[in-house]
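# Architecture and fold: a report
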Amino acid sequence: MKHYIILWVTLFTVLVFILPKANADNTLEEIREKGVLAVCMDVRNLPYSNADPELPGLNVEIAHLLAEELGVELELHWLNTLRDSLLADMLRGHCDCVIGIPIEERAMSESIQLGKRVDFSKPYYGTGYILVKRKNNPQSPKTLNDIKSEMIGAEGGSIASDVLRQQGYNRRVYGSQIAVLDALQKGQIAYGCVWANAGWLIEKGSRIQQADQISTVYPELEIVEGYIPEPRFRWNVSIAFSKETPTRKTQDFQDAVNKIIEEKWSEEKLKELCEKYHLPYFAPFQEEEKK
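Along the chain, Asn236 falls in strand 12 (residues 234-242). At 2.6 Å, the side chain of Asn236 forms a polar contact with the backbone nitrogen of Phe285.

A word on the layout of surface pockets. Roughly 330 Å³ of volume is contained in the second largest pocket. Surrounding the second largest pocket, 16 residues form its lining, Gly199, Ile223, His278, Leu279 and Pro280 being those nearest its centre. Listing elements by their share of the lining of the second largest pocket, those giving two or more residues are strand 7 (125-134), helix 8 (198-204) and strand 11 (221-223). Partitioned by chemical class, the residues of the lining of the second largest pocket number 10 nonpolar, 3 polar and 3 charged.

This part is about the confidence of the model for the protein chain. When pLDDT is averaged along the protein chain, the result is 85, and 80% of the positions lie at 70 or above. Contacts from residues 1-24, a stretch scored under 50 in pLDDT, to residues over four places away or in other chains number 68 contacts. The model gives residues 107-113 a pLDDT under 50, and that stretch makes 12 contacts with residues more than four places away or in other chains.

Below, the discussion takes up the state of the cysteines. What we call a disulfide is simply a covalent bond connecting the sulfur atoms of a pair of cysteines. Tallying each qualifying case throughout the model produces 1 disulfide. Across the disulfide, Cys40 is cross-linked to Cys95 (sulfur-sulfur distance 2.1 Å). Note on the Cys40 and Cys95 pair: the S-S dihedral is about -110 degrees, so by sign convention the disulfide is left-handed. Here Cys40, found in strand 1 (residues 36-42), pairs with Cys95, found in the loop between helix 4 (86-91) and strand 5 (97-103); they are 55 residues apart in sequence, far enough to count as distant. Comparing Cys40 with Cys95, the two get one shared label, buried. Between Cys97, a cysteine without a disulfide, and Cys95, which holds the nearest cysteine sulfur, the sulfur-to-sulfur distance is 6.7 Å. A residue is classified by how much of its surface remains accessible, and Cys97, at 0% relative accessible area, is buried.

Moving on: the packing of aromatic side chains. Here the structure, examined in full by the defined rule, presents 9 aromatic pairs. With a centroid separation of 5.1 Å and an interplanar angle of 75 degrees, the aromatic rings of Tyr129 and Trp195 are classed as edge-to-face. A residue pair is termed long-range when its members are at least 10 positions apart, and Tyr129 in strand 7 and Trp195 in strand 10 (residues 191-195) qualify at 66 residues. Accessibility assignment for this pair places Tyr129 and Trp195 in one class, buried. Centre to centre, the rings of Tyr129 and Trp235 are 5.8 Å apart; their planes meet at 70 degrees, and the pair counts as edge-to-face. Separated by 106 residues along the polypeptide, Tyr129 in strand 7 and Trp235 in strand 12 bring together distant segments of the chain.

With the rule as written, the count across this model stands at 5 salt bridges. Of the charged contacts, one joins Lys122 and Glu262 as a salt bridge, the two residues approaching to 3.5 Å between their closest N and O atoms. Here the residue Lys122 occupies a position in the loop between strand 6 (118-120) and strand 7, and Glu262 occupies one in helix 9 (residues 248-263), the gap between them amounting to 140 residues. Between Lys133 and Glu222 there is a salt bridge whose closest N-O contact spans 3.8 Å.

With that settled, consider the nonpolar core. Leu37, Leu66, Ile99, Tyr124, Ile239 and Trp265 are the most contacted members of the largest nonpolar core, which has 73 residues in total. Among the elements that make up this core, the one with the highest residue count is helix 3 (residues 58-70) (8 residues). In this structure, Ala38, Cys40, Val118 and Ala240 belong to the second largest nonpolar core, which totals 14 residues.

Definitions and cut-offs
Residues numbered from 1 in each chain as written. Predicted model: local features only at pLDDT ≥ 70, side-chain atom pairs only at ≥ 80, totals over all residues. Heavy atoms only, no water. Helix = DSSP H or I, 4+ residues; strand = E, 2+ residues; numbered from the N terminus. Polar contact = N/O pair within 3.5 Å; in protein donor to acceptor, adjacent residues only side chain to side chain. 1 Å grid on protein atoms, 1.4 Å probe; cavity = no way out; pocket = protein on both sides within 12 Å on 5 of 7 lines; lining within 4 Å. Points joined across faces, edges and corners; volume = space filled by probe spheres on them. Nonpolar A, V, L, I, M, F, W, Y, C, P; charged D, E, K, R; others polar. pLDDT = per-residue confidence, 0-100. Contact = heavy atoms within 4.5 Å. Disulfide = S-S within 2.5 Å. Buried < 20%, exposed > 50% of the residue type's maximum accessible area, 1.4 Å probe, protein only. Phe/Tyr/Trp six-rings, centres within 6.5 Å; stacked < 30°, edge-to-face > 60°. Salt bridge = Lys/Arg side-chain N within 4 Å of Asp/Glu carboxyl O. Core = buried A, V, L, I, M, F, W, Y, C linked by side-chain atoms within 4.5 Å.

Right, here's the structure in full:
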């Protein structure tokens, strides 16, 4: 199972210093002249992306929206993030941007110094670690402090697992998010603190169900309604650009994207897309809240 934050940071760390200089300026003028917006995308990472056009994933649909608003065609540059990094591939010049990158301040403070090579759009929604419970559990905690005495499962090595330990919660570690959901369904833990794609895993599991299958993989489980990821458990999601050779023209491209996010992508539209893939929608978190 792909871990949405840790994987891209780790791969980017390995590759970032050995990449050749990007061979494209990624300017708005050039994109419109070619009539094509190139976007790097993971070939199989549902609910976020998938090469099957019948079930493309949230990030692919966002990419189509962006290309449509720019008045160009969309070209997807597919790769497997188990072996490569979307951001690293962008810095090679293989695409103009990457959709759906969490803005993670802790990663940017490390030696790779993402901010020197990658720039970000305005966030268009928020994501993070959410709580999952059994449906027969009558509680709907609004904060982690509400379940301080309960046993909470988390994926080993995840940011959620580390923060739960640091903050003194009763944490039980499992090898994957699927293992957390398995333990929750068996009643071994009271809650699971898992990544926002838990809704997809509850409905579909790690594989895609057939269209005629209507039962869920975890029929006894549900996302805790009303819980909003707390500071250190949440990130804003944005579009990433290379800023290897920043110019006024490359800034024009970012400005155009920011204008689209601000003026064209309504909360209702983004929420509708998220719900299509069983993902919770959160409005972009304010930076002062995170601090």
